[in-house]
Amino acid sequence: MNQNLSLYRIFYTVALTGNISHAADELFISQPAVSKSIRKLEQSMNTALFTRSSRGVQLTEDGELLFSHVKSAFQTLENAENQLRLRRELGIGQLRIGASSTLCKYVLMPRLKDFIKTHPHLRVTISCQATNQTLQMLENRELDLGLTGRPEETGTLLFSPVMEIQDTFVTTRDYLDNLARQLGQPVPENLTAEDSVSFIKNGVLMLLNRENLTRQYLDAHMKEHTLFPENVLETTSMDLLIDFARVGLGIAGVIRQFVQTELHSGSLIELPLPFPIAPREIGFLCREEAEYKRI
């Protein structure tokens, strides 16, 4: 760029205001200085940039072309200034989030859209893995935030709750009817807690793998109430559990909030239990000294 940046700033301001006097007021310089700068820019470009009248100035065709590029350049500079200002205020320019694929889909994604709109300066990266791995990555400073269930021990990490979730068991009505016939039991019109215990013990119980905190939580409850299923199908994905339950492969241990649509439509039904499963908290974990815990 051969021209002094200040000449383009003056040209840009005059074009926006359409008036030499108003531009001078905005730039805190004299009207003759504005006029001189415009003439200098026009001479260097060897073209007229404005037509002048008693009501002010108006861009020529060449002036419109130059203004479109100058406007874009100044808007880019203003955006950069805003990003730097916000970066200083928040103390970060990148946010690394870790979460399981289930929590990423059902909890993080609905919130992430609005967050990015209000923090467009932040570069967000998301890493999906098991909760235990997320905790380890937080300790190793490989992540800034982790979306997890509340751990029994947080150590040096801070936990900020987002929502409560409720574990439950779901399946299809057809699966329960067929299972009852296989067991030689009458098909129950209205499920009871005793029916549920029999079905969970003798049917195919579908759970997340043993490394998953949801699985460990359900295992602890079943063990406490001496409920030991004979046939267990394991998978790494809550979505697969829901799909398997929907097609009638068995009884799935899932999170109630994530199957609301299926429960409402009746494609899945919830098994009543003789023992209560306490709700759990989902929230964000971060290191205690982290500045971004305010976000």
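Residues numbered from 1 in each chain as written. Predicted model: local features only at pLDDT ≥ 70, side-chain atom pairs only at ≥ 80, totals over all residues. Heavy atoms only, no water.

Trainee: Help me get a handle on the confidence of the model for the chain, residues and values and all.
Mentor: The predicted model of the chain averages 86 in pLDDT, with 92% of residues at 70 or higher. Segment residues 291-295: pLDDT under 50, and 16 contacts once partners within four positions in sequence are set aside and those in other chains are kept. (pLDDT = per-residue confidence, 0-100. Contact = heavy atoms within 4.5 Å.)

Trainee: Give me the lowdown on the nonpolar core, citing residues and values where you can.
Mentor: Grouped together as the largest cluster of nonpolar side chains are 28 residues, with contacts concentrated most on Leu-147, Val-170, Met-238, Leu-241, Ala-252 and Val-254. It is helix α5 (residues 101-118) that provides the largest number of residues to this core, a total of six residues. The next biggest cluster of nonpolar side chains, apart from the first, holds 21 residues, and it includes Ile-10, Tyr-12, Leu-66 and Phe-67. (Core = buried A, V, L, I, M, F, W, Y, C linked by side-chain atoms within 4.5 Å. Buried < 20%, exposed > 50% of the residue type's maximum accessible area, 1.4 Å probe, protein only. Helix = DSSP H or I, 4+ residues; strand = E, 2+ residues; numbered from the N terminus.)

Trainee: Which residues make up the environment of Thr-235, and what are the values?
Mentor: Structurally, Thr-235 is set in strand β9 (residues 231-235). Once the C-alpha coordinates of Thr-235 and Leu-208 are considered, the two residues, 27 residues apart in sequence, prove to be 5.0 Å apart. Not counting chain neighbours up to four residues away, the residues in contact with Thr-235 comprise Leu-207, Leu-208, Asn-209, Leu-240 and Leu-241.

Trainee: Would you mind going over the environment of Ala-252 in detail, with residue names and values included?
Mentor: Along the chain, Ala-252 turns up in strand β10 (residues 251-255). Between the alpha carbons of Ala-252 and Thr-172 there is a distance of 10.0 Å; along the sequence they are 80 residues apart. In this structure Ala-252 touches Thr-168, Phe-169, Val-170, Met-206, Leu-241 and Ala-245, once residues within four positions along its chain are discounted.

Trainee: An account of the pairing of strand β7 (residues 167-171) is needed here, citing residue identities and associated values.
Mentor: In terms of burial, β7 is largely enclosed, as five of its five residues are buried. As paired elements, β7 and β10 share four bridges and run antiparallel to each other. If you follow Thr-168 over to β10, its bridge partner there is Val-254. Here two bridges tie β7 to strand β11 (residues 269-270), and the two strands are oriented antiparallel to one another. In the sheet register, Thr-171 faces β11, and the bridge partner there is Ile-269. (Pairing = 2+ DSSP bridges.)

Trainee: So what about helix α6 (residues 131-139)? Which residues, and what values?
Mentor: Within the sequence span of α6, burial applies to Thr-131, Thr-134, Leu-135, Met-137 and Leu-138. All buried residues of α6 lie within an arc of 165° about the axis, which places them on one face of the element. Summarising the contacts, the buried residues of α6 are in contact with β3 (94-99), β4 (123-128), β5 (145-149), β6 (157-165), α9 (213-224) and β12 (280-287). Positive phi shows up at Arg-141, right after α6, with a value of about 65°. (Arc of directions from axis to C-beta.)

Trainee: Provide a residue-level description of the packing of aromatic side chains, including the pertinent values.
Mentor: Evaluation of the coordinates by the stated rule reveals four aromatic pairs. Ring geometry for Phe-11 and Phe-50: centres 5.5 Å apart, planes at 55°, overall tilted. With Phe-11 in helix α1 (residues 5-17) and Phe-50 in strand β1 (residues 50-53), this pair connects stretches of sequence that are 39 residues apart. An identical accessibility class is assigned to Phe-11 and Phe-50; each is buried. Above the ring of Tyr-217, the side-chain terminus of Arg-280 is found at 4.9 Å from the ring centroid. (Phe/Tyr/Trp six-rings, centres within 6.5 Å; stacked < 30°, edge-to-face > 60°. Lys NZ or Arg CZ within 6 Å of the ring centre and 35° of its normal.)

Trainee: Which residues make up the side chain of Glu-262, and what values go with them?
Mentor: Position of Glu-262 among the secondary structure elements: in helix α11 (residues 260-265). Leaving out residues up to four positions away in the same chain, Glu-262 has contacts with Ile-242, Arg-246, Ser-267 and Leu-268.

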